[in-house]
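Fold and contact review
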Amino acid sequence: MFTESVNKITVCEKCGDKGRQKDLIFCGQCKTAAEHRYCLHVLPKKGKKVSWRCEVCCPTLPKPVPAPSRKSDRISRGVKRKMTRIERLKEERIPKKKHSVLIGKSTQIEPKKNKRRYIADEESDPDEEFQPIQDEHVQLPPPVLPSSQFDENFKIGPLGDAIWRGTFDILYVGDNKRSTKLYARVSSGACSLARNAAASLKPLLVIETMIKSLAWPKRFEELPPNGNDIELYFFPENESDDRMHKVRYNSVLVFIMKHEMILKTVSGDAELLLFHSSVLPPEFQRHEEEYYLWGMFSEKILSLPPDQILH
C-alpha cells in the first residue's frame, strides 16, 4: 500500500511531471527520486535494465569544458587581422623623415616611394585577403584574349545566292572527260579580291586532276587548311529534269578523296584550286551533313589589283 501511494505522487526529477508511472526509474541508492526512462540523458534500449542515481546521491562531477567553437575561433582571427591592419594604417599616416644621402659635398634627398594602401572594411569577411588599391593614374593594359575568342561570334559558311554558275569539264587519267553543272557561293571569310576573282570565272571551266602530294600548297605544310581558307563553296545544280549532276558531283568527291587528288582550273588570270572538304578540321568538313567541294584562288591572283582581273 505504501509503495502504491508513493508511486502515485512520484514525479520525474527531469521533466517535473508524473508522466507514465511504469517508465519511472528510481534512484539505486535513496530509492526516492525517480526519472522517466525517456527523460534520461541516454535513452536505454527497450527491456534493458537501467541503473540510475539522482544528483543528490551521485558524487559531484566536474563540469564539462565546452568544446571550442569554430565560429568564435574565426571571430578571434578576424579581430586579430583587423587590429594588425589598423596598426599598419597608423604607421603609414605618421610622416617619416626624409633620408638624405651625402654625395661629395652636396646632399641629395631620396625620392619617396609609393606605398600600397589597404582599406579595412567593417562588414567584410575576416578570412578574405585584402588586395592593394591601385593608383588612379595608373592605366592597366586590356587583357589579351586567346585567338579563338576573337572569332567566337563569326561563323564560316556560304553566303547568299550563287556568284557563279557553269559547267566543269573534268579531265581524268587517259583523256577521259566528264561534265557536270555546278554553282558557287562565296564564303563568309572570303576577301573582296576573292569575290572579284570569282565573278570573273568563265561559264565553262576545264578542270585538271593533280596528285595531292605534288600539288599541295606550301603554306598548308606549316599550317593545315581550316575554315578561314575557304573562299568558294561548290554545289551541284538541282534541276528537276536532270538529277545526274548531283550523282556526278558525288562521284567526283569520291574520286578525289579515294585517290588523294586536287583539282585545278585556270580562267584568264585566275588560278583556282579545288579540294575535298575532308582535308578541313571536323567542324568544317560537312555542309548540311554532306561533304562538299571548296576552292581557293592562288596567291598570285589575289595579289593583283581588282582592275587587272579579267571579267
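Quick notes on the rules
- Numbering of residues starts from 1 in every chain and runs along the sequence as written.
- Since the coordinates come from a predicted model, pLDDT governs what is reported: local features require at least 70, and pairs of side-chain atoms require 80 or more to be given and counted, while whole-chain, interface and lining totals use all residues.
- In computing side-chain values, all of the structure's heavy atoms are included and hydrogens and water are not.
- Secondary structure elements are defined from DSSP: runs of H or I of at least 4 residues count as helices, runs of E of at least 2 residues count as strands, and each element is numbered from the N terminus.
- Between buried and exposed lies partly exposed: a residue is buried under 20% and exposed over 50% of the maximum accessible area for its type, with that area taken using a 1.4 Å probe on protein chains only.
- We call two residues contacting when some pair of their heavy atoms lies within 4.5 Å.
- Here the open area of atoms and residues is found with the Shrake-Rupley method and a 1.4 Å probe, where only the protein chains shown may cover a residue.
- Residues enter patches when their relative accessible area tops 30% and they take part in no salt bridge; the joining distance is 9 Å for like charges and 5 Å for the nonpolar side chains Val, Leu, Ile, Met, Phe, Trp and Tyr.
- Any Lys or Arg side-chain nitrogen located within 4 Å of an Asp or Glu carboxyl oxygen qualifies as a salt bridge.
- Between the rings of Phe, Tyr and Trp (Trp by its six-membered ring), a pair exists once the centres lie within 6.5 Å; its type follows the angle of the planes, with under 30 degrees stacked, over 60 edge-to-face, and the other angles tilted.
- For a ring to carry a charge above it, either NZ of a lysine or CZ of an arginine must fall within 6 Å of the ring centroid while also lying within 35 degrees of the normal to the ring plane.
- When DSSP finds two or more bridges between two strands, those strands count as paired.
- Think of a nonpolar core as a cluster: buried Ala, Val, Leu, Ile, Met, Phe, Trp, Tyr and Cys residues, connected wherever their side-chain atoms sit within 4.5 Å.
- Confidence of the predictor at the level of single residues is given by pLDDT, which spans 0 to 100.

Per the secondary structure count, the protein chain includes eight helices and 11 strands. Among the 311 residues that make up the protein chain, the fraction classed as buried is 29%. Across the protein chain, every contact between residues at least 6 apart in sequence was considered, and the portion connecting residues at least 24 apart equals 60%. A total accessible area of about 23,500 Å² is found for the protein chain, and carbon and sulfur atoms account for 54% of it.

The grouping of Ile75, Val79 and Met83 at the surface amounts to a nonpolar patch, some 280 Å² of accessible area in total. In this fold, valine 79 is placed in helix 2 (residues 70-93).

Here we come to the packing of aromatic side chains. Within the structure shown, the criterion is met by 10 aromatic pairs. On the basis of an interplanar angle of 40° and a centroid distance of 5.7 Å, the ring pair of tryptophan 164 and phenylalanine 168 is categorised as tilted. For tryptophan 164, a relative accessible area of 5% translates into the label buried. Among the aromatic residues, those joined into a cluster by ring pairs are Tyr183, Tyr233, Phe235 and Tyr292. Lying across the ring of tyrosine 183, arginine 165 places its NZ or CZ 5.1 Å from the centre. Stacked on the ring of tyrosine 291, the Lys or Arg arginine 286 has its end atom at 4.1 Å from the ring centre.

Looking now at the pattern of salt bridges. Enumeration according to the criterion identifies five salt bridges in this entry. We note a salt bridge from aspartate 229 to arginine 219, for which the minimum N-O separation is 3.5 Å. Of this pair, aspartate 229 sits in the loop between helix 6 (219-222) and strand 8 (232-236) while arginine 219 is found in helix 6, placing the two residues 10 residues apart along the sequence. On the basis of relative accessibility, which here comes to 13%, the residue aspartate 229 falls in the buried class. Classification of arginine 219 as partly exposed rests on a relative accessible area of 36%.

This paragraph deals with the pairing of strand 10 (residues 270-276). Counting buried residues in strand 10 gives six out of seven residues, a clear majority hidden from the surface. Across five bridges, the pairing between strand 9 (residues 261-267) and strand 10 is antiparallel. For serine 267, the partnering residue across the bridge sits in strand 10 and is alanine 270. Hairpin connection of strand 9 to strand 10: two residues between the antiparallel strands, including glycine 268 at a positive phi of 65°.

Below, the discussion takes up the nonpolar core. Ranked by size, the top nonpolar core spans 43 residues in total, and within it Phe168, Phe234, Leu293 and Phe297 carry the most contacts. A per-element tally of this core places strand 10 first, with five residues. In this view, phenylalanine 168 contacts Arg178, Ser179, Thr180, Leu182, Leu205, Ile207, Phe234, Leu274 and Leu293; residues no more than four positions away in its chain are not counted. Listed in part, the seven residues of the second largest apolar core include Cys27, Leu40, Trp52 and Cys54.

On to the confidence of the model for the protein chain. Summarising the model, the protein chain shows a mean pLDDT of 76, and 67% of its residues fall at 70 or more. Ranking the elements of the protein chain by mean pLDDT puts helix 3 (residues 147-150) last, at 39, and strand 8 first, at 96. Counted against residues more than four places away or in other chains, residues 118-124, with its pLDDT under 50, gives 10 contacts. A low-confidence stretch, residues 142-152 stays under pLDDT 50, and its non-local contacts, those more than four residues away or across chains, total one contact.

This part takes up the side chain of threonine 265. Assignment of secondary structure puts threonine 265 in strand 9. Taking the relative accessible area as the measure of exposure, threonine 265 reaches 2% and is therefore buried.

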